[in-house]
Amino acid sequence: QVQLVESGGGLVQPGGSLRLSCAASGFPFSTYGMRWYRQAPGKERELVATISSGGSTDYADSVKGRFTISRDNAQNTVYLEMNSLKPEDTAIYYCYARLIMGVYWGQGTQVTVSS
């Protein structure tokens, strides 16, 4: 079955960096675009970054220039490199895939930016 498993979250100081990973299985990963979303406490889930099957990327304005989404099709993994982190980046980060058979979410990984 389809699985998306995030990892790499944690506590980091403002200005720091983290790299999130999302290991995918159960579908032909290389043929699908992937997304990262996040949800902060008391806020709606928002789209952070998108990568197409061909590697084209797009970002929310709030993270442009600081975050980088990438993929490794050999490892069936999508990454989110986050630099210059701010307290407002604190959220649960989710991996997302919209497939022919449906929409799938990972379980999420917590990112906390605090001094």
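A brief look at the structure comes next. (Residues numbered from 1 in each chain as written. Predicted model: local features only at pLDDT ≥ 70, side-chain atom pairs only at ≥ 80, totals over all residues. Heavy atoms only, no water.)

Comments concerning the overall build of the protein chain
Operational definition: Working definition: helices are DSSP H or I runs of at least four residues, strands are E runs of at least two. Numbering for both runs from the N terminus. In this description the radius of gyration comes from C-alpha coordinates, and the expected globular size is given by 2.2 Å times residues to the power 0.38. Burial classes follow relative accessibility: with a 1.4 Å probe on protein chains only, a residue under 20% of its type's maximum area counts as buried, one over 50% as exposed, and anything between as partly exposed. Per-residue and other accessible areas follow the Shrake-Rupley method at a 1.4 Å probe size, with only the shown protein chains counted as cover for residues. Counting rule applied: Lys, Arg positive; Asp, Glu negative; His and chain ends not counted. Where a charge lies is defined by one atom per residue type, namely NZ (Lys), CZ (Arg), CG (Asp) and CD (Glu).
When helices and strands are tallied, the protein chain shows 0 helices and 11 strands. The linear arrangement of helices and strands in the protein chain, starting from the amino end, is β-β-β-β-β-β-β-β-β-β-β. Taking 115 residues into account, the globule formula puts the C-alpha radius of gyration at 13 Å, and the protein chain, at 13 Å, falls close to it. With the principal axes as the frame, the protein chain shows a C-alpha extent of 40 × 25 × 20 Å. The burial tally for the protein chain puts 42% of its 115 residues in the buried class. For the protein chain, the exposed area adds up to about 6,000 Å²; of that, 46% sits on carbon and sulfur atoms. Considering the protein chain, the positive charge centre built from 10 side chains and the negative charge centre built from 9 side chains are found 2 Å apart.

Things to note about the nonpolar core
Stated precisely, the cut-off is as follows: To define a nonpolar core, start from buried Ala, Val, Leu, Ile, Met, Phe, Trp, Tyr and Cys residues and group those joined through side-chain atoms within 4.5 Å. A contact between two residues is defined here by any heavy atoms of the two lying within 4.5 Å.
Among the nonpolar cores identified, the biggest contains 32 residues, and Phe27, Met34, Trp36, Val78, Leu80, Met82 and Tyr93 are the most heavily contacted of them. Of all the secondary structure elements, the ones that give two or more residues to this core are strand 3 (18-25), strand 4 (34-39), strand 5 (46-51), strand 7 (67-72), strand 8 (77-82), strand 9 (91-99) and strand 11 (109-113). For this core, the element with the highest residue contribution is strand 9, accounting for 5 residues. Look past the residues within four positions of Met34 in its chain and what remains in contact with it is Leu4, Phe27, Phe29, Ala49, Thr50, Ile51, Ile69, Arg71, Val78, Cys95, Tyr96 and Ala97.

Concerning the side chain of Asp89
Short version of the rule: N or O atoms within 3.5 Å of each other form a polar contact, as long as, within protein, one can give a hydrogen and the other can take it, and as long as residues adjacent in sequence are counted only when both atoms are side-chain atoms.
Summarising the element assignment, Asp89 is placed in the loop between strand 8 and strand 9. Polar contacts involving the side chain of Asp89 include one to the side chain of Arg38, which spans 2.9 Å. In this structure the side chain of Asp89 is engaged in a polar contact, spanning 2.7 Å, whose partner is the side chain of Arg66. Beyond its immediate chain neighbours, meaning those up to four positions away, Asp89 contacts Arg38, Arg66, Phe67, Ser84, Val111 and Val113.

Thoughts on the sheet that holds strand 8
This is how it is decided: When DSSP finds two or more bridges between two strands, those strands count as paired. Every angle, taken between N-to-C directions, lies between 0 and 180 degrees, and every axis is a line fitted to C-alpha atoms, over only the stretch in contact when it is a helix.
Pairing is antiparallel in the open sheet, where 4 strands are placed in the order 1-3-8-7. At either end of the open sheet lies a strand with only one pairing partner, and these are strand 1 (3-7) and strand 7. Taking the axes of each pair of neighbouring strands and ignoring which way they run, one obtains an average angle of 15° across the sheet. Here strand 7 pairs with strand 8 via 6 bridges, running antiparallel.

Things to note about the pairing of strand 11
Burial along strand 11 is one-sided: the residues Thr109, Val111 and Val113 are buried and none of Gln110 and Thr112 is. In this structure, strand 2 (residues 10-12) lies alongside strand 11, joined through 3 bridges in parallel fashion. Of the residues in strand 11, the one forming a bridge with Gly10 is Val111. Judged from the 3 bridges that link them, strand 9 and strand 11 form a sheet pairing that is antiparallel. Counterpart to Tyr93 in the pairing with strand 11 is Thr109.

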